[in-house]
Amino acid sequence: MTIRVLLADDQTLLRSAFRVLVDSEPDMEVVGEAADGAQAVTLARDLKADVVLMDIRMPGTDGLAATRMISSDPALAGVHVVMLTTFEVDEYVVQSLRAGASGFLGKGAEPDELLSAIRIAAAGDALLSPAATKGLIATFLAQGGSSAEGPAAAAYSARLAALTVREREVLVLVAGGHSNDEIADRLEVSPLTVKTHVNRAMAKLGARDRAQLVVIAYESGLVRPRVE
């Protein structure tokens, strides 16, 4: 299948460069371009995009707001957002993930990294390495005062109760920065079995992808961040 990519950036020259790069790949195509977040949301729906390369800073509706709109719209459940920014600041990573992005990429990334990010997002995986996800989420959620008694925890309480013991166990390990292969070794099951548990946990918790599972695990209080 061809991955349908939407470019959302207020810089025309940058969109043109991304278009040339993406369209050069046999398994993906640019289906549209947006100059602001509001237009990106509309085009994501109208053009049935699989992945949106979303600039975090745009006039009017910015990338974070647009990503929240996409992630909260059931009609756009199949759309994955890769947040792009010139400012590679850790706090932006967590803001992006909380908004519903599948991951985060600096605009200075190599072409191969960008193309890989599109493929990873389209597959529903997190763009950050497990270790990086663990460290960033733990640090910033701790600063944000996440706790088991907070509003986020209450909102997820019923859905967490729907998880089986094994699904909870797998969720904790995912949030701990472990890959499917590592979890499989630890639990003495196959990687395919782990993937099944991850997918079921995502469905029950309403998570769009693995990155969102990590956020939910911390914000719900299921996993407590450790601050060194």
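Look a little higher up for the structure.
Notes on the structure in this doc start here.

Conventions we followed
Residues numbered from 1 in each chain as written. Predicted model: local features only at pLDDT ≥ 70, side-chain atom pairs only at ≥ 80, totals over all residues. Heavy atoms only, no water. Pairing = 2+ DSSP bridges. Helix = DSSP H or I, 4+ residues; strand = E, 2+ residues; numbered from the N terminus. Axes fitted to C-alpha atoms, helices over the stretch in contact; angles between N-to-C directions. Buried < 20%, exposed > 50% of the residue type's maximum accessible area, 1.4 Å probe, protein only.

**What about the sheet that holds strand β5 (residues 103-106)?**
Pairing is parallel across the open sheet formed by five strands, whose spatial order is β2-β1-β3-β4-β5. This sheet does not close on itself; its edge strands, each paired only once, are β2 (28-34) and β5. Within this sheet the neighbouring strands show an average axis-to-axis angle of 25°, counted without direction. Sheet topology places strand β3 (residues 51-55) next to strand β4 (residues 80-85); five bridges connect them, and they run parallel.

**Focus on helix α11 (residues 210-219)**
Counted residue by residue, α11 has ten buried out of ten residues, so it is predominantly covered. Three or more residues of α11 are buried, namely R210, A211, Q212, L213, V214, V215, I216, A217, Y218 and E219.

**A word on unusual backbone geometry**
Although it is not a glycine, K48 adopts a positive phi angle of roughly 55°. Accessibility expressed as a relative area gives 62% for K48, which makes it exposed. Notably, E188 is not glycine yet its phi reads approximately 60°, a positive angle. Relative to the helices and strands, E188 resides in the loop between α9 (180-187) and α10 (191-205).

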